[in-house]
Amino acid sequence: MLTALAGVLGHPVAHSRSPAMHNAAFRALGLDWRYVKLPVSPALFPETARALPGSGYRGANVTIPHKVAALSLADAATAAARGVGAANTFSFAVDGAIEADNTDAGGFVDALGESPRGRRALVLGAGGAGRAVAWALREEGAAEVLIWNRTPQRATELARELELEPVSAPRSADIVVNATSVGLDIGDAAEAGRALGLAQLDAPIVVVDLVYAERPTPVVAWGERVGARVVDGLEVLVRQGARSFERWTGEEPPLDVMRAAARAG
Ligand code: NAP
């Protein structure tokens, strides 16, 4: 008999690597838990989320397009979820109360692998992922966080909200983070480089690409070419998942097991 369930609420979730990653971690620690895909439309999201604690669920991840709705639905929220303005992790109390967290922010910092304190960072993208990354960099003491977005108004709005600096064109920085979907929708390296203005940037110290795909993404390839340390999107996925796993189970996440499962697809 299963002790507990967890899952990922999204629309779509068919291609999520989270079930493979979490189920491998449960197995490695001998936990009788199961992690499942929970496809749900925006219209049915609140009712579905509310029903989970009564159906054996101890926690859930939340992905596109529900992350903002997840925060407003929750009964309590961590400082990270409130600061980012969106949640990707639910923890369910015995009485059914929902606590929302944002492990995208902390997971990004874990994946970055060094403190951004005193560094200049450039965040490409002002969507949901850009918001979590920009907030995390500010919280961790980056000296400057520049936000660029294809649609400039979104960069201006996010920068105003977080008291950061919008830029109308990408500028050189120590840390460059791709938080756009370029690399998913644009696979061609030259075209992706043009879309993100990569050619006009000096080589950064670290490049983080949130996008992950079967092949090395154009931004990962660029980072390697210019000699930066490169962190790919799968490492960010693993680190946000590890933080969720620890919240739900109280156990130290088996990172290598999670990495291997995420990379196997
Ligand atoms: P989102 O809210 O839909 O935002 C998409 C962003 O991409 C916007 O900034 C958008 O700019 C930009 N964009 C799309 N096409 C572009 C193009 N051709 N040129 C320049 N910019 C373009 O999505 P999101 O939730 O932020 O996610 C962004 C990416 O991060 C996705 O690929 C997602 O899979 C990935 N992600 C990965 C992780 C992880 O754990 N590795 C976690 C979260 C997200 P406009 O505003 O101009 O449309």
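Bear in mind that the values here come from a model prediction, so they are computed numbers and not experimental data. (Residues numbered from 1 in each chain as written. Predicted model: local features only at pLDDT ≥ 70, side-chain atom pairs only at ≥ 80, totals over all residues. Heavy atoms only, no water.)

### Focus: the domain arrangement of the protein chain
Split by domain assignment, the protein chain resolves into domain 1 (4–101 + 235–264) and domain 2 (106–231). Taking only C-alpha atoms into account, the centre of domain 1 sits 25 Å from that of domain 2. Contact residues are listed per partner, giving eleven residues for domain 1 and 14 residues for domain 2. Interface area, domain 1 with domain 2, both sides summed: about 1100 Å², of which 66% is carbon and sulfur. Counting across the interface, domain 1 meets domain 2 through two salt bridges. Close ionic contact of Arg243 with Asp110 constitutes a salt bridge, the shortest N to O distance being 2.7 Å. Where domain 1 packs against domain 2, one counts four residue pairs in polar contact (both at pLDDT 80 or more). Within the residue set of the side of domain 1 that touches domain 2, elements represented by two or more residues are helix H4 (79–84) and helix H10 (233–249). Looking at the side of domain 1 that touches domain 2 element by element, the count peaks at six residues for H10. (Domains from an automatic or database assignment. Contact = heavy atoms within 4.5 Å. Buried area = accessible area lost by both parts, 1.4 Å probe. Salt bridge = Lys/Arg side-chain N within 4 Å of Asp/Glu carboxyl O. Polar contact = N/O pair within 3.5 Å; in protein donor to acceptor, adjacent residues only side chain to side chain. Helix = DSSP H or I, 4+ residues; strand = E, 2+ residues; numbered from the N terminus.)

### Here we look at the environment of His66
Along the chain, the position of His66 falls in the loop between strand S3 (57–62) and helix H3 (67–73). Residue classification places His66 among the buried residues on the basis of a relative accessible area of 2%. Sequence separation between His66 and Gly10 is 56 residues; the distance between their C-alpha atoms is 6.6 Å. Once you skip the residues sitting within four places of it in the chain, His66 turns out to touch Leu9, Gly10, His11, Val40, Ser41, Pro42 and Phe45. (Buried < 20%, exposed > 50% of the residue type's maximum accessible area, 1.4 Å probe, protein only.)

### Side note on the pattern of salt bridges
Pairs may arise between side chains of opposite charge once their charged atoms sit close together. Counted by the stated rule, this structure contains 16 salt bridges. Residues Asp75 and Arg50 are paired through a salt bridge, measuring 3.4 Å at the closest nitrogen-oxygen approach. With Asp75 in the loop between H3 and strand S4 (76–77) and Arg50 in helix H2 (residues 45–51), the pair connects residues that are 25 residues apart, well separated along the chain. Of the residues examined, Arg50 reaches a relative accessible area of 39% and is grouped as partly exposed. Via salt bridges that share partners, Glu235, Arg239, Asp256 and Arg259 belong to a single interconnected network.

### Describing the site of the ligand
As a structural note, the neighbourhood of the ligand is formed by 24 residues, with Ala129, Asn149, Arg150, Thr151 and Arg154 the closest of them. In the environment of the ligand, an oxygen atom lies 2.5 Å from a nitrogen or oxygen atom belonging to the side chain of Thr151. Protein chains shield 81% of the accessible area of the ligand, which is 930 Å² for the free molecule. Broken down by secondary-structure element, the contributors of at least two residues to the shell around the ligand are helix H6 (128–139) and H10. For the shell around the ligand, the element with the most residues is H10, which contributes three residues. Split into classes, the residues belonging to the shell around the ligand amount to 13 nonpolar, eight polar and three charged. (Near = heavy atom within 4 Å. Areas by Shrake-Rupley, 256 points an atom, 1.4 Å probe, with all protein chains shown as cover. Nonpolar A, V, L, I, M, F, W, Y, C, P; charged D, E, K, R; others polar.)

### Thoughts on the packing of helix H5 (residues 103–112) against H10
Two elements in contact, H5 and H10, have axes separated by 8 Å at closest approach and are oriented at 125°. Relative to H10, the element H5 is oriented oblique. As for how H5 packs across H10, the hand of that crossing is right-handed. Facing Thr103, Asp104, Gly106, Gly107, Phe108, Asp110 and Ala111 of H5, the residues of H10 in contact are Glu235, Val236, Arg239, Gln240, Arg243 and Ser244. For the contact of H5 with H10, the per-class residue count stands at three nonpolar, five polar and five charged. (Axes fitted to C-alpha atoms, helices over the stretch in contact; angles between N-to-C directions. Parallel < 35°, antiparallel > 145°, perpendicular 65-115°, else oblique. Left-handed = near helix turned anticlockwise from the far one by under 90°.)

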